[in-house]
Amino acid sequence: MADTPHESTPGLTRTRILGPSPDPPPIAPPEPRRAARLTQPATPATKNEAPLVLPRGAKAGDAPAPARGSDRLVLWLVLLAILAIMLPAVLIDLRRPAVTMPREAAAVAVSIETWRRQTAMDSPGWLGDRLLPLRDGRSLLDQAPGTTWLHLCAFMSLEKQAATPQRMVYRARLVSAIAALVAVAGVFWAGYAIGGLNPAVISAFLLAGCPAFLYYGRVATADMPALAFSIVSAAAALWAMRPHRRPPSRGRQALGYAVCGLALGCATLVGGGLVFIPVFLPVVLIGLLVPQRSAHITGLFAAGGLAMMTLFPWMVIVHDQQPDAWTHWIAAVIPHGTNHFGDHLQVAGLRLLLILLVAMPWSLWMVFAIAQPFSTSSVGWRSRMFIGWAWFVAVLGLVVVLPGEGALHEVLLLLPVTAVLIGQLFRRLVDLSSEGRHARVWRFGRWPTLGLLVTLSVLVPLGLGLEEPLIDSGWLHDTIAYPVHWSYHLC
């Protein structure tokens, strides 16, 4: 009898008779070594760009990627949508409210008198004579002329016979309304330069819905045009720096710092010398916090020089008319015979209170955003949040210590900076929520904010319905009520 295969063939095992052996279990590849301090770039760098380096603990999606054509289109469409939503709040019923604010009445009166002097001149004359603002037949050399010049541009298409005071007031208010739209666009630009699209959208909506911001966007004073030029100047500098992204090109830096300097000069021409310091110094501080600080500081000082060149023609005109007028400009920034230290502390405390009031209903989140960079939940985003934090703290310190009377328009510059700060905070909270983590500030602050929003949603319609009785009884001042009457219907 023949032997069976497994008996006759030495070394043949039973498994060869029964079938092939199963595949061995897969071996998992070894985990890649984690970098000690830096992560890999989100996108490969081209030969002309340095690799993108993120802070420790940050994800590749945290930094905004270089904008492609479709991304730029999305940015513009989002910005236009925000401006379209805001547009009715600053334009509806802009003609009807009477001029009740003394500062608005003075600004419009100067513009009207200057325009009438220009239209009455038979010959063109020297340009300086046509640009000098007038009040009661006297040239105003100790005040910034930019507001009058903007109003004159708005009056250019008016016929002399049709130039009624009501039409001229309306056109002067249009200047502030357009400036409010520019300010929102500037905040969007600054928010995107620091943190990307989400902080930009949140910051723009926060500013566009602020009642104090809408109020000054509907009155013909220098406050809103000065704010618009100021935020465009800061946003252009941030765009030139590109914090936490690939180093910017020389062309980008040249364009950004040129816009920064021109806008800073225009802001000073409109708002006076007090505007220059709280706009320029915080941006210089940010330039010290980002990489390539020497190049950025050089560009910022070049922007400051360009701003001074923008002021130079007006300084020549004023010096020709009144050689000692520079003493008035210095006194506006460093007044002689200042009040006692206790009086200045009182003004500083009043400004801090005004900041908390005008930031409502987001005042609590402003306080949270000040402390957020020092939280353990900000690991990987701390350096990025310090950009907005340093900007806010620097502007806050300068606004509080600068001379003034503690009026609302003196703290207006803090509104866009606060919006960018809170926008960064909400972006970080959204990132934590996507990871299944909910920060303590979110758990603590959401319900008080919701309650405050519901309360305001009830009280504001009641205030609008009872507006006349409240004004008659003295509970509501007509200076505040009439210019913003239609704004609250939409915000």
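Residues numbered from 1 in each chain as written. Predicted model: local features only at pLDDT ≥ 70, side-chain atom pairs only at ≥ 80, totals over all residues. Heavy atoms only, no water.

Engineer: Residue-level account of the nonpolar core, with values.
Structural biologist: In terms of nonpolar packing, the biggest core is built from 93 residues, with M86, V184, F213 and W391 touching the most fellow members. When residues of this core are assigned to their parent elements, the largest contribution, 12 residues, is made by helix α7 (residues 165–195). Not counting residues within four places of it along the chain, the set of residues in contact with M86 comprises A180, L181, V184, A208, F213 and L214. (Core = buried A, V, L, I, M, F, W, Y, C linked by side-chain atoms within 4.5 Å. Buried < 20%, exposed > 50% of the residue type's maximum accessible area, 1.4 Å probe, protein only. Helix = DSSP H or I, 4+ residues; strand = E, 2+ residues; numbered from the N terminus. Contact = heavy atoms within 4.5 Å.)

Engineer: Give a description of the pattern of salt bridges that names residues and reports values.
Structural biologist: Scanning the entire structure with this criterion turns up 3 salt bridges. Of the charged contacts in the structure, one is a salt bridge between E104 and R173, with a shortest N-O distance of 2.7 Å. Of the two residues, E104 is situated in helix α4 (residues 102–120) and R173 in helix α7; the sequence distance between them amounts to 69 residues. R173 matches E104 in its accessibility class, with the two residues each being buried. (Salt bridge = Lys/Arg side-chain N within 4 Å of Asp/Glu carboxyl O.)

Engineer: Give a description of empty space enclosed by the protein that names residues and reports values.
Structural biologist: Enumeration according to the criterion identifies 4 cavities of 30 Å³ or more in this entry. In this structure, the largest cavity spans a volume of roughly 60 Å³. As for the largest cavity, its lining consists of S230, I231, A234, P278, V279, W391, V395, L413 and V417. Of all the secondary-structure elements, those providing two or more residues to the lining of the largest cavity are α10 (223–241), α12 (273–289) and α17 (382–401). Among the elements that take part in the lining of the largest cavity, α10 stands out by supplying 3 residues, more than any other. Split into classes, the residues belonging to the lining of the largest cavity amount to 8 nonpolar, 1 polar and no charged. (1 Å grid on protein atoms, 1.4 Å probe; cavity = no way out; pocket = protein on both sides within 12 Å on 5 of 7 lines; lining within 4 Å. Points joined across faces, edges and corners; volume = space filled by probe spheres on them. Nonpolar A, V, L, I, M, F, W, Y, C, P; charged D, E, K, R; others polar.)

Engineer: So what's going on with the side chain of H151? Residues and values would help.
Structural biologist: Relative to the helices and strands, H151 resides in helix α6 (residues 146–155). Look at H151 and you get buried, because its relative accessible area is 1%. Setting aside anything within four residues of it in sequence, one finds H151 in contact with A107, S111, A172, V175 and A220.

Engineer: Would you mind going over helix α18 (residues 414–434) in detail, with residue names and values included?
Structural biologist: Taking 1.5 Å as the rise per residue, α18 with 21 residues should run 30 Å; its terminal C-alpha atoms sit 30 Å apart, in good agreement. Positioned one or two residues after α18, G436 has a phi angle of 80 degrees, which is positive. (Expected span 1.5 Å × (residues − 1).)

Engineer: With reference to specific residues and values, describe the packing of helix α8 (residues 197–208) against α18.
Structural biologist: For the pair α8 and α18, the least separation of the axes is 8 Å and the interaxial angle reads 135 degrees. On the basis of their axis angle, the class for α8 and α18 is oblique. α8 and α18 meet at a crossing whose hand is right-handed. Contacts between α8 and α18 pair N198, P199, I202, S203, L206 and L207 from the former with L415, P416, A419, V420, I422, G423, Q424, F426 and R427 from the latter. Counted by class, the contact of α8 with α18 contains 10 nonpolar, 4 polar and 1 charged residues. (Axes fitted to C-alpha atoms, helices over the stretch in contact; angles between N-to-C directions. Parallel < 35°, antiparallel > 145°, perpendicular 65-115°, else oblique. Left-handed = near helix turned anticlockwise from the far one by under 90°.)

Engineer: For a nonpolar patch on the surface, give the residues involved together with the corresponding values.
Structural biologist: Taken together, the side chains of W447, L450, V454, V458, L459 and L462 define a hydrophobic patch exposed on the protein surface, amounting to about 610 Å² of accessible area. With respect to the helices and strands, V458 occurs in helix α19 (residues 440–465). Judged by relative accessible area, V458 falls into the partly exposed class, the value being 47%. (Patch = residues over 30% accessible without salt bridge, like charges linked within 9 Å, V, L, I, M, F, W, Y side chains within 5 Å. Areas by Shrake-Rupley, 256 points an atom, 1.4 Å probe, with all protein chains shown as cover.)

Engineer: Hey, could you go over α8 for me, with residue numbers and the actual values?
Structural biologist: For α8, spanning 12 residues, the distance from its first C-alpha to its last is 16 Å, which sits close to the expected 16 Å at 1.5 Å a residue. Along α8, the residues that are buried comprise P199, A200, S203, A204, L206, L207 and A208.

Engineer: Requested: an account of unusual backbone geometry, with residues and values cited.
Structural biologist: P361 follows M360 through a cis peptide bond whose omega is 5 degrees. Tracing the chain through its elements places P361 in the loop between α15 (341–358) and α16 (363–371). The residue D93 is not glycine, and still its phi comes out positive at about 60 degrees. Tracing the chain through its elements places D93 in the loop between α3 (69–91) and α4. Notably, Q292 is not glycine yet its phi reads approximately 55 degrees, a positive angle. One can find Q292 in the loop between α12 and α13 (293–321). What makes Q292 partly exposed here is its relative accessible area of 40%.

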